[in-house]
Amino acid sequence: MATLKLINVTKQFGKKVLAVNDLSLEVHDGEFLVLLGPSGCGKTTAMRMVAGLEEVTEGAILIDDVDVTDLPPRKRNISMIFQNYAVWPHMTVFENIAYALRLKKMDKQTIEKTVNEVVDMTKIGELLERYPSQLSGGQQQRVAVARAIAVKPKVFLMDEPLSNLDAKLRGTMRTELKAIHNRTEATTVFVTHDQSEAMSMADRIVIMRDGEIVQIGSTDDVYDRSTNIFVAGFIGTPPTNFIDAELISENGDLHLTNPHFDLVIDQEKASALKEYGKRKVVIGVRPEDVLLVDEAQALFSESCLVSEPQGSHQVVAIEFDDSILKFVAPSQPKVEAGDTVNMAFNTEQLHFFDPDTEGRI
Ligand SMILES: Nc1ncnc2c1ncn2[C@@H]1O[C@H](COP(=O)(O)OP(=O)(O)OP(=O)(O)O)[C@@H](O)[C@H]1O
Ligand SMILES: [Mg+2]
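These numbers were taken from a predicted model, which means no experiment stands behind them.

1. Some remarks on the sheet that holds strand E3 (residues 32-36)
A sheet is described by the order of its strands in space; here six strands give the open sequence E6-E7-E8-E3-E9-E10, paired in mixed fashion. Single-partner strands in this sheet number two, and they are strand E6 (78-81) and strand E10 (212-217). Averaged over all pairs of adjacent strands, the angle between strand axes in this sheet comes to 20°, irrespective of strand direction. Bridge count for E3 against strand E8 (residues 187-192) is five bridges, and the pairing is parallel. The residue of E8 that forms the bridge with Phe 32 is Thr 188.

2. Focus on the nonpolar core
Within the largest apolar cluster, 82 residues are counted, with the highest numbers of intra-cluster contacts made by Val 34, Ala 146, Leu 157 and Val 206. It is helix H4 (residues 137-150) that contributes the most residues to this core, seven residues altogether. When residues are assigned to domains, this core turns out to be shared by domain 1 (4-234) and domain 2 (241-353), each giving three or more.

3. With respect to helix H5 (residues 167-184)
If you check H5, its first and last C-alpha atoms are 26 Å apart, about what 18 residues at 1.5 Å a residue would give, namely 26 Å. Considered for burial, the residues of H5 that qualify are Arg 174, Leu 177 and His 181. Projection of H5 onto a plane perpendicular to its axis shows the buried side chains occupying an angular sector of 75°, all on one side. Opposite its buried face, H5 presents the exposed residues Lys 168, Thr 172, Thr 175, Ala 179, Asn 182 and Arg 183, each directed more than 90 degrees away. Buried-residue contacts for H5 involve E3, H4, E8 and helix H6 (195-201). Following H5 by one or two positions, Glu 185 adopts a phi angle in the positive range, close to 50°.

4. Section: the packing of H4 against H5
For any two helices packed against each other, the geometry is given by the interaxial angle and the distance between the axes. Relative to each other, H4 and H5 sit at 15°, their axes nearing to 12 Å. It follows that H4 is roughly parallel to H5 by the angle criterion. You can see that H4 and H5 cross each other, and the crossing is right-handed. In this structure, H4 contributes Gly 138, Gln 141, Val 145 and Ile 149 to the contact, and H5 contributes Leu 169, Met 173, Leu 177, Ile 180 and Thr 184. By residue class, the composition of the contact of H4 with H5 is six nonpolar, three polar and no charged.

5. Remarks on the environment of Phe 353
On the secondary structure map, Phe 353 appears in strand E20 (residues 351-353). Among the residues examined, Phe 353 registers 22 C-beta atoms within 10 Å and is labelled buried. Separated by 127 residues in sequence, Phe 353 and Ser 226 place their C-alpha atoms 9.8 Å apart. If we skip the residues at most four places from it in the chain, Phe 353 touches Asn 228, Ile 229, Val 281, Val 282, Gly 284, Glu 358, Gly 359, Arg 360 and Ile 361.

6. Re the site of ligand 1
Neighbouring ligand 1 are Phe 13, Val 17, Ala 19, Gly 37, Ser 39, Gly 40, Cys 41, Gly 42, Lys 43, Thr 44, Thr 45 and His 193. With three residues, helix H1 (residues 43-51) is the largest single contributor of residues to the shell around ligand 1. Along the lines of polarity and charge, the residues of the shell around ligand 1 split into four nonpolar, seven polar and one charged.

7. What to know about the pairing of strand E13 (residues 261-264)
As defined by bridge partners, strand E12 (residues 253-258) adjoins E13 across four bridges and the pair is classed as antiparallel. Residue Leu 256 lies in a different strand from E13, and its bridge partner there is Leu 263. Between E12 and E13, which pair antiparallel in sequence order, lie two residues.

8. Side note on the environment of Glu 26
Looking at the secondary structure, you find Glu 26 in strand E2 (residues 17-27). C-beta crowding within 10 Å serves as the criterion here: with 13 such atoms nearby, Glu 26 is assigned to the partly exposed category. Between the C-alpha atoms of Glu 26 and Ile 61, which are 35 residues apart in sequence, the distance is 10.0 Å. Ignoring sequence-local partners within four residues, the contact set of Glu 26 consists of Thr 3 and Lys 5.

Criteria and cut-off values
- Residues numbered from 1 in each chain as written.
- Chains lettered and ligands numbered in written order.
- Predicted model: local features only at pLDDT ≥ 70, side-chain atom pairs only at ≥ 80, totals over all residues.
- Pairing = 2+ DSSP bridges.
- Helix = DSSP H or I, 4+ residues; strand = E, 2+ residues; numbered from the N terminus.
- Axes fitted to C-alpha atoms, helices over the stretch in contact; angles between N-to-C directions.
- Core = buried A, V, L, I, M, F, W, Y, C linked by C-beta atoms within 7 Å.
- Buried ≥ 20, exposed ≤ 12 C-beta atoms within 10 Å, placed from the backbone.
- Domains from an automatic or database assignment.
- Expected span 1.5 Å × (residues − 1).
- Arc of directions from axis to C-beta.
- Contact = placed C-beta atoms within 7 Å.
- Parallel < 35°, antiparallel > 145°, perpendicular 65-115°, else oblique.
- Left-handed = near helix turned anticlockwise from the far one by under 90°.
- Nonpolar A, V, L, I, M, F, W, Y, C, P; charged D, E, K, R; others polar.
- Near = placed C-beta within 6 Å.

Okay, here's the thing in structure tokens:
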């Protein structure tokens with residue numbers, strides 16, 4: 001068990017590519033931290049620096065407050081799992097797991113006991129004599145996980161370990177990995193670009209963009225209090241709807257207006273927005289915060305462009321200004337393309353952003 005600290009870590013490839021820019025981050029003892037961000041934002045580079053597979057251009061990496069920035073990988077006591085499993089093809093499952101334990105000069109009995117423990121946890125006890133070519137992708141990934149936890153590392157790094165698996169297996173492995181973490185309590189950094197995977201697994205999520213951290217927080221923090229338009233648009237499916245609107249004071253009330261609607265804002269929110277002082281805002285509305293209502297309560301009405309039934313609910317899309325607004329509605333009554341839909345907002349859950357800085361107001 002350990003803590004991991006990155007202090008002002010920067011990675012520059014050649015002159016042009018700034019892959020990671022001044023990254024500072026602390027992973028708590030036993031924490032399951034998820035690094036989330038779009039392709040190319042520097043997640044793998046950050047992980048490789050922690051593992052010692054990539055040199056740090058500037059900054060420091062500390063494990064249990066010991067500076068490991070210049071230590072070779074094998075001296076860092078870290079296990080890393082990659083997307084492509086990287087199990088050794090010429091060794092059986094047992095050998096794959098036992099190899100690193102032998103290097104640690106563990107005696108035969110302890111090795112057998114440890115292997116049994118980890119294959120039990122990863123449910124591959126029946127496969128010990130097989131070679132990787134005789135295993136499915138999901139089984140190979142389990143071998144990689146078993147091998148990584150067997151050495152009881154201080155820090156466990158996983159770089160998109162589930163992305164080669166089909167959707168159903170991904171879901172199962174997600175649950176199992178989290179359960180294994182709950183049992184081993186190894187300090188873990190898990191990399192993904194899949195926001196739903198991140199939200200379902202993380203103690204805390206670190207959202208990255210262009211080599212920098214945009215927001216760190218729990219799933220609720222990043223979902224309910226997204227720090228800017230990028231985060232609000234990246235987290236959640238369907239994503240947040242963004243609507244351009246204006247703030248207008250009239251007879252002591254603050255109105256939020258748009259060609260489609262005119263909404264009086266409640267006092268508490270209004271005073272915060274008055275401080276903001278600008279006229280133009282972008283409002284962010286989560287798909288579950290657009291409500292289907294009776295005509296009499298409608299804030300606005302539009303015709304349905306497409307409806308996507310999902311079994312437990314339906315996703316309704318309408319054309320709105322130059323974009324498409326999507327929201328979730330109960331599966332019944334069914335909304336069909338061309339139907340008039342009457343909508344209102346859950347006004348307590350509206351998010352306001354500055355159109356210039358894109359930051360949360
Ligand atoms: N060895 C390298 N030499 C030059 N540029 C590199 C090298 N490795 C990565 N990069 C660049 O650094 C940036 C970050 O890459 P990185 O692989 O860390 O992204 P990522 O967030 O892991 O993306 P993905 O989700 O696609 O795996 C990218 O612009 C990439 O092209
Ligand atoms: Mg990557």
